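Geometric and topological summary
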Amino acid sequence: MRSAPVLAAAFTLALTVTGVAEAAPAGHGHAQRVCSVAPAGFAACNAWLNTDDVTAFAAAATPSGLGPADLLSAYNLGSLAGSAGAGRTIAIVDAYDAPTAFADVNVYRAQYGIPALASCTPSSINASTTACFAKADQSGGTGYPRKDGGWAQEISLDLDMASAICPKCNILLVEGTSSSFANLGTAVNTAVRLGAEVVSNSYGGGEFSGEASSEGQYFNHPGVAITVSSGDSGYGVEFPAASRYVTAVGGTSLKKASNTRGWSETAWSGAGSGCSAYITKPAWQTDSGCGKRTVADVSAVADPATGVAVYDSTAYQGRSGWLVFGGTSVAAPVVGGVYALGGVSGVTGANTVYSHTSSLNDVSGGSNGSCGGGYLCTAVTGYDGPTGLGTPNGAAAF
């Protein structure tokens, strides 16, 4: 599945929901992938459940994990979140149905004092005078696909992160019939057709020879910010993060610190990165280590051990309520929310962040695998693979 080898010593085994052994980053607590590993032509969601004490997380009166105030503080967004984003629509694209998504996201918002989302339809979402929620199938209708518990948890994660970063934004959930690239790509096109200015995608799968055609068919939407998680299995590239038409979002470990910022970040060992095997290097990307597209562009918190609070009532695998999640599935909607706060002006792929590097927190330290010690798998000063140009410091780069 990977286009580059993964350093075996960097990983320990965890059990996936299907009972198949899957790599989980060592040194980051216990974590479990919530979506099955994807076969060729399909994507897996990039959410990882922190399993250190799931029962305690779910029952706690005060949720564990980072909440909206933490994220807004860490990424210098507090002043914007109270005033920006109104009238803008963030689309969340995932596979399968989450029947309780609307109710669950409003539980999250109530917990943190964020006004509830109103209910609206996809056709009316951009006319709403208050932040609202709409749901559509991949064609824009109401023929929702079957429920899948793992993807439902992914959906809750994505909705909660969009709410945390851009509480005034509308949220449009578009559900693919399956996790095939074709169905998820169709859902992206539908989200754009329905008026989304930001489209967040927290999934990926192995690169394939026809992906250059697929990226043009599904992700080439100038003026729309499309964020994609870079992957959770360490050094190696996934699609659609490899697309030149998207912002590939890597991952960090985010911790409070006694410095001026109040936070510190290092590369998360699970974040995907490296050189695409097929996609042409975009003009705005100038690193010398890849002849083709390099992943990632920017990053945000992804380590399950420094993960975020999420509310999901699906009762999947006997787990529901307040949970703690990591994975680059967290980072993609976080950065999508920042794009919405920033206004999504002049966006084509990740072009704007490369011309506003001073508005990012540079991340150095940490690695996601073995690439000879170079920047493609090691966080260094300036650009690197696991964390890209860095993490948001306000929204000026977006």
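A brief structural summary. Note that this is a predicted model, so its numbers are computed, not measured.

1. Focus: helix α6 (residues 181-193)
Taking 1.5 Å per residue, 13 residues should reach 18 Å; α6 reaches 18 Å between its end C-alpha atoms and fits that length. Here α6 has its buried residues at Phe-181, Asn-183, Leu-184, Gly-185, Ala-187, Val-188, Thr-190, Ala-191 and Val-192. Directly after α6, the chain includes Gly-195, whose backbone phi takes a positive value near 105 degrees.

2. Some remarks on the environment of Thr-62
Note on placement: Thr-62 falls in the loop between α1 (54-59) and α2 (68-74). Sequence spacing of Thr-62 and Gly-337 is 275 residues, and the spatial spacing of their C-alpha atoms is 24 Å.

3. Remarks on the sheet that holds strand β19 (residues 308-316)
As summarised here, the arrangement of the 4 strands in space is β3-β5-β20-β19, forming an open sheet in which the pairing is antiparallel. In this open sheet, the two strands that pair with only one neighbour each are β3 (31-33) and β19. Averaged over all pairs of adjacent strands, the angle between strand axes in this sheet comes to 45 degrees, irrespective of strand direction. By the bridge criterion, 3 bridges tie β3 to strand β5 (residues 48-50) in an arrangement that is antiparallel. When the sheet's bridge partners are listed, Ala-31 is paired in β5 with Asn-50. Of the strands in this sheet, β19 and β20 (319-326) are in contact with helix α4 (residues 101-111), which crosses β19 at around 145 degrees.

4. Let's talk about the pairing of β19
The buried fraction of β19 is high, at 7 of 9 residues. Pairing of β19 with β20, which is carried by 6 bridges, proceeds in the antiparallel orientation. If you follow Tyr-311 over to β20, its bridge partner there is Trp-322. In sequence, β19 turns back onto β20 through a hairpin of 2 residues, with Gln-317 there showing a positive phi of about 55 degrees.

5. Focus: the packing of aromatic side chains
Under the definition given, this model contains 15 aromatic pairs. Ring pairs connect the aromatic residues Tyr-108, Tyr-112, Tyr-311 and Trp-322, which therefore count as one cluster. Sitting over the ring of Tyr-144, Lys-135 keeps its end group 4.2 Å from the ring centre.

6. Some details on the packing of helix α5 (residues 149-165) against helix α8 (residues 328-342)
Two quantities define a packed helix pair, namely the angle between the axes and the distance from one axis to the other. Between α5 and α8, the least distance of the axes is 8 Å, while the angle of their chain directions is 35 degrees. The interaxial crossing formed by α5 with α8 has right-handed handedness. Side by side, α5 and α8 meet where Glu-154, Leu-157, Asp-158, Met-161, Ala-162 and Ile-165 of the first sit next to Ser-329, Val-330, Pro-333, Val-334, Gly-337, Val-338 and Leu-341 of the second. Residues of the contact of α5 with α8, tallied by class, amount to 9 nonpolar, 2 polar and 2 charged.

7. Some thoughts on the pairing of strand β12 (residues 225-229)
Within β12, 5 of the 5 residues are buried, which leaves the element mostly enclosed by the surrounding structure. Direction of pairing for strand β10 (residues 198-201) relative to β12: parallel, over a ladder of 4 bridges. Residue pairing in the sheet places Val-198 in a bridge with Ala-225 of β12. The pairing of β12 with strand β14 (residues 247-256) spans 3 bridges and is parallel. Within β14, the residue paired with Thr-227 across the bridge is Thr-247.

8. A closer look at α8
Helical periodicity: at 3.6 residues per turn, an α-helix aligns residues three or four positions apart in one direction. If you check α8, its first and last C-alpha atoms are 21 Å apart, about what 15 residues at 1.5 Å a residue would give, namely 21 Å. Most of α8 is tucked away: 14 of the 15 residues are buried. Looking one or two residues beyond α8, the residue adopting positive phi is Gly-343, at roughly 110 degrees.

9. Side note on the side chain of Ser-276
Residue position: Ser-276 is located in strand β16 (residues 274-280). The exposure class of Ser-276 is buried, given its relative accessible area of 5%. A polar atom in the side chain of Ser-276 sits 3.0 Å from the backbone nitrogen of Ile-279. For Ser-276, the residues in contact, after removing those within four places along its chain, are Glu-207, Glu-211, Val-237, Ala-242, Lys-292 and Arg-293.

Reading the values: rules and limits
- Residues numbered from 1 in each chain as written.
- Predicted model: local features only at pLDDT ≥ 70, side-chain atom pairs only at ≥ 80, totals over all residues.
- Heavy atoms only, no water.
- Helix = DSSP H or I, 4+ residues; strand = E, 2+ residues; numbered from the N terminus.
- Expected span 1.5 Å × (residues − 1).
- Buried < 20%, exposed > 50% of the residue type's maximum accessible area, 1.4 Å probe, protein only.
- Pairing = 2+ DSSP bridges.
- Axes fitted to C-alpha atoms, helices over the stretch in contact; angles between N-to-C directions.
- Contact = heavy atoms within 4.5 Å.
- Phe/Tyr/Trp six-rings, centres within 6.5 Å; stacked < 30°, edge-to-face > 60°.
- Lys NZ or Arg CZ within 6 Å of the ring centre and 35° of its normal.
- Left-handed = near helix turned anticlockwise from the far one by under 90°.
- Nonpolar A, V, L, I, M, F, W, Y, C, P; charged D, E, K, R; others polar.
- Polar contact = N/O pair within 3.5 Å; in protein donor to acceptor, adjacent residues only side chain to side chain.

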